[in-house]
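Next come the chains, spelled out residue by residue.
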2 protein chains.
Amino acid sequence: MLNRIIMGDCVAAMDALPEKSVDLVFADPPYNLQLGGDLRRPDGSMVDAVTDDWDRFDSFADYDRFTRDWLRAARRVLKDDGALWVIGSYHNIFRVGAAVQDLGYWILNDIVWRKANPMPNFKGTRFTNAHETLIWAAKTPEARYRFNYRAMKALNEDLQMRSDWVLPICSGAERVKLDGVKAHPTQKPESLLYRVLLACTEVDGVVLDPFLGSGTTGAVARRMRRNWIGIERDAGYAAVAAERIAAVEPMDTADLEATMSARAAPKVPFGALVEMGMVTPGTVLTDLKRRYRARVRADGSLQLGRDSGSIHRVGAAAQGAPSCNGWTFWHLEQRGKLVPLDAMRQQYRERTAE
Amino acid sequence: MLNRIIMGDCVAAMDALPEKSVDLVFADPPYNLQLGGDLRRPDGSMVDAVTDDWDRFDSFADYDRFTRDWLRAARRVLKDDGALWVIGSYHNIFRVGAAVQDLGYWILNDIVWRKANPMPNFKGTRFTNAHETLIWAAKTPEARYRFNYRAMKALNEDLQMRSDWVLPICSGAERVKLDGVKAHPTQKPESLLYRVLLACTEVDGVVLDPFLGSGTTGAVARRMRRNWIGIERDAGYAAVAAERIAAVEPMDTADLEATMSARAAPKVPFGALVEMGMVTPGTVLTDLKRRYRARVRADGSLQLGRDSGSIHRVGAAAQGAPSCNGWTFWHLEQRGKLVPLDAMRQQYRERTAE
DNA sequence: CGCCATCCTGAATCACATT
DNA sequence: CAATGTGATTCAGGATGGC
């Protein structure tokens, strides 16, 4: 039952699963965009809009029925201490949020995904729609939901992770394509799922995605050694997702150990580079003279023998020095050349600059 | 009726106002926070939570009734091209947003106010709640709402203003206090209202706030020379707001002139330039790369091969594009340099300004 | 190989006045 | 009310190609 795609309607599929069997539901339902005619950029080119049938609903009432049905089914399969994540935009998220509350879930946070590179408003009629909203909810107000506070803090310069996350949209090599054409119109970035799963699940936990689409949830879950269940109605999408997920190499178990102690938390946003996939967990870093070798773990900490912690701490420990600037000390090999972490940080800053 | 505080229930007060008399409603309704017991900081000190009676509702149904009542009353007093702004947090904003949609308003954007200095989550059980959400909605999908696009772009270093706004919370000298104690628990920063009013109103427009509280909306409206109506149930808050607003010095009218949108500029037919002798019949116009050449005819039409017509039509035909702005596409040569027609139009406007 | 210019694209509720 | 004409309007990231 685990780690496979169920074809078909998500409500029926969830109803067929045993109750209280899932740790986390991550859902990216249709947004009910209600777009008008064509839209052209100022240069005359056409915007490739989401006009698929699966995003068409007759009315708000229709959409609400659909929403409540799947939310109810999801709540049944969730363990009592499990949690729900839903993503949406202003077109649908208010209806979804109200339904979440009405069905007895307890909202823990709303999270804003601030897109580093959103599509502009071409006609100058509104504000650039530069974010999407996620809702994180427990099954009940009393539930003892999982929140890996330390791992989140480690990922964020040793500061509490905030409710606004700056991440790029999914593009470039990460975007799944078929014959050069995007395989799914709304593929989510893996960095987003990485943060959600790192925050709210543990290794071997069960993650269910009722609207699997291109399979981002399954791919990240497999990479992070979580069990996954994906439900998808469209055979084409399911095939894309299956192939994509099968190609994922799970991370090394050791690298996945999210550090839970304050001591090991890195003081720098090196974790953000890991999250973005700019540095993969398990990567071996060396100094310029290749005397020391340290492994990158899932939350952005390093491990060298018995020493673990931030890139600075481990660098200092390796040399027996009182302190060390990990950004300039550690390097990784790219095409046979040693690149300092500092260069990666520079790239990161450019990609997430406001 | 304008520029004063109405004491009492906001629904009754709005129902007593003439319909279609208000340009903008800005509302900061009770959030229905549902706080449990007291919240303490790690050092044992107590967090001053919002536990006032006005923020207590018996159930979601109660809160929904309340929300729909005031949203309906607000919609009646709004002019057809007026707009609504509401601010809230995850506790209430989903219910508010669903009601906004159900009542026929048309959501234009949701805006995230990203707090520069939010209160941390002291227990480390959730993400730092670092933002609030605003909804901007027109009265109907067809409404021609006001959006000062240019002014927003100017405010953002000449880039489109995005849907995520980074602003500090209200503190320091701006925070209204009585005997050293904050006069209102949820006073909003003036910077937030400033941006909303600059984006969506004009000088002498009418702004209504059904939950005036400490009076931020009135204070900023007065400063920006907008008319305001504030409704407040609590006599204490009303007194605070009245005093605060009265102390505001309206800005100098000259400083208030915001960048005007090109759409608002008077329309100029190309023929008028020919008529004025600014462009002579027979002049050859080219695009910037000198790929196309068109002749100006006596009636202000262009000719390019077999195509003839307006500057826009011929520009579009030349490129094989569906449309074209002839003002920026076509240029004429003056002293060896290519000058866009748009520059000539600007000259024309200046010469005919009186 | 590096650098620069060019091109493509992304969950988008995307104009308005006159005839 | 529908059709037509004018004319306003874009940001960042990644890929590609030329020199």
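Procedures and definitions
Residues numbered from 1 in each chain as written. Chains lettered and ligands numbered in written order. Predicted model: local features only at pLDDT ≥ 70, side-chain atom pairs only at ≥ 80, totals over all residues. Heavy atoms only, no water. Salt bridge = Lys/Arg side-chain N within 4 Å of Asp/Glu carboxyl O. Helix = DSSP H or I, 4+ residues; strand = E, 2+ residues; numbered from the N terminus. Buried < 20%, exposed > 50% of the residue type's maximum accessible area, 1.4 Å probe, protein only. Polar contact = N/O pair within 3.5 Å; in protein donor to acceptor, adjacent residues only side chain to side chain. Phe/Tyr/Trp six-rings, centres within 6.5 Å; stacked < 30°, edge-to-face > 60°. Lys NZ or Arg CZ within 6 Å of the ring centre and 35° of its normal. Contact = heavy atoms within 4.5 Å. Buried area = accessible area lost by both parts, 1.4 Å probe. Nonpolar A, V, L, I, M, F, W, Y, C, P; charged D, E, K, R; others polar. Pairing = 2+ DSSP bridges. Axes fitted to C-alpha atoms, helices over the stretch in contact; angles between N-to-C directions. UniProt positions renumbered as here; feature names shortened; annotations may be inferred.

Q: Give a detailed account of the pattern of salt bridges, specifying residues and quantitative values.
A: A side chain with one charge can pair with a side chain of the opposite charge if their charged atoms come near. Enumeration over the complete set of coordinates arrives at 41 salt bridges over all chains. Across the pair A:K182 and A:D48 runs a salt bridge whose closest N-O atoms are separated by 3.2 Å. Separated by 134 residues along the polypeptide, A:K182 in strand β8 (residues 181-182) and A:D48 in the loop between β2 (22-27) and α2 (60-77) bring together distant segments of the chain. With a relative accessible area of 56%, A:D48 lands in the exposed category. Note that B:R95 is salt-bridged to B:D64, the shortest N-O span being 2.7 Å.

Q: Could you give an account of the environment of B:D102, naming the residues involved and the relevant values?
A: Structurally, B:D102 can be placed in helix α3 (residues 93-102). When its relative accessible area of 37% is taken as the criterion, B:D102 is described as partly exposed. Here A:R95 takes part through its side chain, which lies 2.6 Å from a polar atom of the side chain of B:D102.

Q: Residue-level account of the packing of aromatic side chains, with values.
A: For the structure on display, the rule yields 33 aromatic pairs over all chains. Taking the centre distance of 5.9 Å and the plane angle of 45° together, the rings of A:Y63 and A:F66 count as tilted. Of this pair, A:Y63 and A:F66 are both found in helix α2, three residues apart, which corresponds to roughly one turn of the helix. You can call A:Y63 buried: its relative accessible area is 1%. Ring centres of A:W136 and A:Y145 lie 5.4 Å apart, and the angle between their planes is 90°; this geometry places the pair in the edge-to-face category. Grouping aromatic residues by their ring pairs yields a cluster made of A:W85, A:W136, A:Y145, A:F147, A:Y149, A:W165 and B:F127. Over the ring of A:W165 we find A:R195, and its NZ or CZ is 4.9 Å from the ring centre.

Q: Go over the interface of chain A and chain B with me, naming the residues and quoting the values.
A: Contact with chain A, which involves 51 residues of that partner, is made by 50 residues of chain B. Summed over both sides, the interface between chain A and chain B buries roughly 4400 Å², with carbon and sulfur atoms accounting for 52% of that surface. At the junction of chain A and chain B, the tally comes to four salt bridges. A salt bridge links B:R95 to A:D102, with the nearest nitrogen and oxygen atoms 2.6 Å apart. Counting the contacts that link chain A with chain B gives 30 residue pairs in polar contact (both at pLDDT 80 or more). Those elements that provide at least two residues to the side of chain A that touches chain B are α3 (93-102), β4 (106-115), β5 (131-138), α4 (149-155) and β6 (164-167) of chain A. In terms of residues, the side of chain A that touches chain B owes the most to one element, β4(A), which gives nine residues. Residue composition of the side of chain A that touches chain B, by class: 26 nonpolar, 14 polar and eleven charged.

Q: I'd like a rundown of the sheet that holds β6(A), residues and numbers included.
A: All names here are of chain A. One open sheet accounts for eight strands, arranged β1-β10-β9-β2-β3-β5-β4-β6; its pairing is mixed. Each having just a single partner strand, β1 (4-7) and β6 make up the two edges of the open sheet. Strand-to-strand twist across the sheet, computed as the mean angle between neighbouring axes with direction ignored, equals 20°. In terms of strand pairing, β4 meets β6 through four bridges, oriented parallel. By the bridge assignment, K115 is partnered in β6 with L167. Across the face of the sheet, helix α5 (residues 190-200) comes into contact with β2, β3 (78-88), β4, β5, β6 and β9 (206-209) while running at roughly 140° to β6.

Q: Explain the UniProt feature "domain: DNA methylase N-4/N-6" (unreviewed entry) in chain A to me, and be specific about the residues and the numbers.
A: UniProt records the feature "domain: DNA methylase N-4/N-6" (unreviewed entry) for residues 22-242 of chain A in the present numbering. Span residues 22-242 of chain A is 28% helix and 24% strand, its end C-alpha atoms 20 Å apart.

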